[in-house]
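# Structure at a glance
Each chain, written out:
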Amino acid sequence: MSETAPEIITLENTTETVPVFGYELIREVLLHELLGDDAPEILYWAGKRLARKYPMETFDDISAFFQKTAWGSLTIIKESKNEMELELFSPLIKQRCKENSNSTFQLEAGFIAQQIELQKEVICEAFEHPNKKKKGKIYFTVKWDKKDTIQP
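Residues numbered from 1 in each chain as written. Predicted model: local features only at pLDDT ≥ 70, side-chain atom pairs only at ≥ 80, totals over all residues. Heavy atoms only, no water.

Given two aromatic rings, their pairing is described by the distance between the two centres and the angle made by the two planes. Taken as a whole and assessed by the stated rule, the structure comprises seven aromatic pairs. With centroids separated by 5.0 Å and ring planes inclined at 80 degrees, the aromatic side chains of Phe-66 and Trp-71 adopt a geometry described as edge-to-face. Their ring planes at 90 degrees and their centres at 5.3 Å tell us that Trp-71 and Phe-111 sit as a pair that is edge-to-face. Placement of the pair is Trp-71 in the loop between α4 (59–68) and β1 (73–79) and Phe-111 in helix α6 (residues 106–120), with a sequence separation of 40 residues. As far as burial versus exposure is concerned, Trp-71 and Phe-111 are alike and both buried. Members of the aromatic cluster, each reached through a chain of ring pairs, are Tyr-54, Phe-65, Phe-66, Trp-71 and Phe-111. Here the basic side chain of Lys-137 rests over the ring of Phe-89, its NZ or CZ set 5.7 Å away from the ring centre. (Phe/Tyr/Trp six-rings, centres within 6.5 Å; stacked < 30°, edge-to-face > 60°. Helix = DSSP H or I, 4+ residues; strand = E, 2+ residues; numbered from the N terminus. Buried < 20%, exposed > 50% of the residue type's maximum accessible area, 1.4 Å probe, protein only. Lys NZ or Arg CZ within 6 Å of the ring centre and 35° of its normal.)

Spelled out as structure tokens, the structure:
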């Protein structure tokens, strides 16, 4: 069965409940099994690709996307002229960090980097801070250089 564009849009706007076990099975087991040691790097670039497919105009849009995809609550902690510090948290993240200390959030990091890059029109990189012991909160730093603009 092939899906047409209107059907895809309808599916994207539908809210469904997905069992946490199924989501985590794919995210934490299958992807790492398929991608091996390169999983974090590949997931970072996959996040960037997803962001290009779903461009957001504002940080509030990014935050809403994170809620919709059950990636967690994303907030800005601090922003300066060349970087932004973000916090991501949810009960699922807390559980993931508790069960697997090697869990990564590179998909989210890549997605954030690309969204901020599109919004600020400068090349950005996002770094996940491995300090995950703080009650299931993940911290990211997004960095950019205003001189490093995106070439058309």
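Additional details are given in the paragraphs that follow.
The next thing to look at is the packing of α4 against α6. Here α4 crosses α6 at 155 degrees, and the two axes come no closer than 11 Å. When the axes of α4 and α6 are compared, the pair comes out roughly antiparallel. Relative to α6, the crossing made by α4 is right-handed. Packed against α4, whose contacting residues are Phe-59, Ile-62, Phe-65 and Phe-66, the element α6 presents Glu-108, Phe-111, Ile-112, Gln-115, Ile-116 and Gln-119 at the interface. (Axes fitted to C-alpha atoms, helices over the stretch in contact; angles between N-to-C directions. Parallel < 35°, antiparallel > 145°, perpendicular 65-115°, else oblique. Left-handed = near helix turned anticlockwise from the far one by under 90°. Contact = heavy atoms within 4.5 Å.)

Now for helix α2 (residues 20–35). Across its 16 residues, α2 extends 21 Å between first and last C-alpha, which sits within 8% of the 22 Å expected from 1.5 Å per residue. A maximum bend of about 30 degrees is found in α2 at Ile-26. Every buried residue of α2 is accounted for by Glu-24, Arg-27 and Glu-28. Looking at the residues trailing α2, positive phi occurs at Gly-36, about 65 degrees. (Expected span 1.5 Å × (residues − 1). Bend = angle between axes of the 7 residues up to and from the residue.)

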